[in-house]
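# Structural features, examined
Residue strings, one per chain:
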Amino acid sequence: MIGAVSIPAELATLGSGILGGIVGSIGNYAIQRRMEGARREGEVNALRSALLTEIETMEHFDDFDIRHRNIPNQDSFSSTIYESNSSDIGMLSKEEAEAIVRFYGTLKNIRGEIERFDEVQHQLREIQGGTVAARKQASSERNERYSAIEDQFGDLVSWREEAAKKLKDNLE
C-alpha cells in the first residue's frame with residue numbers, strides 16, 4: 001500500500017483510551033447537569049407548593065368586612081414560610097417573585113398599621129377622662145390608621161389571589 005501509515009499497537013490503544021475517556025467524561029457531565037436541573041426544579045416546586053399552601057390558608061381575608069371596622073388581629077396573617085424562604089424567592093419566575101413580594105410586602109404593611117391602630121385604640125381607652133383635645137387627636141390618628149388599613153386591604157386580597165394563581169400556573 002502506498003501512503004498507508006502504520007500505527008503501533010501501543011499508540012492505537014493509548015489513543016482509543018484517551019478518546020474513550022473524553023467521550024465518557026462528556027457523557028457523565030451531561031448526565032450530572034440533567035440531574036442537577038431536575039433536583040433544582042424539584043426544590044423550586046417544593047417552594048411553590050409551600051408558599052401556595054401558606055397563601056391559601058389566608059382565605060379568611062374574604063370574611064373580614066373592613067368597611068364596618070371589622071379589623072383582623074395582626075396575628076391572623078402568617079408569613080412563616082415566606083420569611084424562612086425569602087432568600088430563595090429568586091428561584092421562582094420573575095412574575096411569581098413579583099407577585100409574592102408584592103403580596104407579602106402589603107401584608108407586612110397592614111400588620112404594622114393594625115399594630116398602630118391597636119395602640120391608638122388602647123390610648124383612647126386610657127384617656128377617656130382626658131381633655132377633649134387629647135381624645136380628638138387620638139381619635140383622628142385612629143381614623144388615619146383605619147383608612148390606611150382599608151386602603152391596603154382590598155389590594156391585599158387581590159394580590160393574594162394573583163400570587164396564588166401564578167404559583168398554581170407554574171407548579172408542576
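The sections below set out a description of the structure shown in this document. (Residues numbered from 1 in each chain as written. Predicted model: local features only at pLDDT ≥ 70, side-chain atom pairs only at ≥ 80, totals over all residues. Heavy atoms only, no water.)

## Here's the deal with the side chain of E113
Heads up, the rule is: The helix count covers DSSP runs of H or I at least four residues long, the strand count covers runs of E at least two residues long, and both are numbered beginning at the N terminus. By definition, residues are in contact when any of their heavy atoms lie within 4.5 Å.
Inspection of the secondary structure puts E113 in helix α3 (residues 94–126). In this structure E113 touches R145, A148, I149 and Q152, once residues within four positions along its chain are discounted.

## Quick word on the pattern of salt bridges
Filter applied, for reference: For this analysis, a salt bridge means a side-chain nitrogen from Lys or Arg found within 4 Å of a carboxyl oxygen belonging to Asp or Glu. Only protein chains enter the accessibility calculation, which uses a 1.4 Å probe. A residue is then buried if its area is under 20% of the maximum for its type, exposed if over 50%, and partly exposed in between.
A full pass over the atoms with the stated rule returns nine salt bridges. Across the pair E96 and R48 runs a salt bridge whose closest N-O atoms are separated by 2.6 Å. Placement of E96 in helix α3 and of R48 in helix α1 (residues 9–56) is noted, with a sequence separation of 48 residues between them. The residues E96 and R48 share a single accessibility class, namely buried. Taking the shortest distance from any N to any O, the salt bridge between R111 and E83 comes out at 3.7 Å. Of the two residues, R111 sits in helix α3 while E83 sits in helix α2 (residues 80–84), which places them 28 residues apart along the sequence. According to the relative accessible area criterion, E83 is partly exposed, its value standing at 49%. If you follow the salt bridges from partner to partner, you end up with E41, R48 and E96 in one network.

## Some remarks on the packing of aromatic side chains
Threshold: Between the rings of Phe, Tyr and Trp (Trp by its six-membered ring), a pair exists once the centres lie within 6.5 Å; its type follows the angle of the planes, with under 30 degrees stacked, over 60 edge-to-face, and the other angles tilted.
Scanning the model with the defined rule gives two aromatic pairs in all. Ring geometry for Y82 against Y104: centres 4.2 Å apart, planes inclined by 5°, an arrangement best described as stacked. With Y82 in helix α2 and Y104 in helix α3, this residue pair connects regions lying 22 residues apart in the sequence. Each of the two residues, Y82 as well as Y104, counts as buried.

## Quick notes on the environment of L51
As for its placement among the helices and strands, L51 is situated in helix α1. By relative accessible area, L51 is classed as buried at 0%. For the pair L51 and A163, spaced 112 residues apart in sequence, the C-alpha to C-alpha distance is 9.2 Å. Beyond its immediate stretch of four places on either side in the chain, L51 contacts I81, Y82, I89, L92, I100, Y104 and L167.

## Quick word on the environment of L171
Along the chain, L171 turns up in the segment after α4 (132–170). Residue classification places L171 among the partly exposed positions, given a relative accessible area of 33%. Through-space distance from the C-alpha of L171 to that of R48 is 6.6 Å; in sequence the pair is 123 residues apart. Residues contacting L171, with those up to four places away along its chain left out, are N45, R48, S49 and L52.

## What to know about the nonpolar core
Spelled out, the test is: Joining through side-chain atoms within 4.5 Å is the link that ties buried Ala, Val, Leu, Ile, Met, Phe, Trp, Tyr and Cys residues into a set, and such a set is a nonpolar core.
L51, F61, I100, F103 and Y104 are the most contacted members of the largest nonpolar core, which totals 29 residues. Of all the secondary-structure elements, those providing two or more residues to this core are α1, α3 and α4. The greatest single-element share of this core, amounting to nine residues, is contributed by α3.

## Quick notes on a negative patch on the surface
Note the following rule: Exposure above 30% relative accessible area and no salt bridge define the residues that can form patches, which grow by joining like charges within 9 Å and nonpolar side chains of Val, Leu, Ile, Met, Phe, Trp and Tyr within 5 Å. The Shrake-Rupley method, run with a 1.4 Å probe, gives the accessible areas here. Residue values count only the displayed protein chains as cover. In summary, the charge assignment counts Lys and Arg as positive and Asp and Glu as negative, without counting His or the chain termini. By convention, the charge on Lys lies at NZ, on Arg at CZ, on Asp at CG and on Glu at CD.
Together, E115, D118, E119, E141 and E144 line one region of the surface with negative charge. Among the elements of the structure, α3 and α4 are those that each provide at least two residues to the negative patch. Of the residues forming the negative patch, the biggest block, three residues, is contributed by α3.

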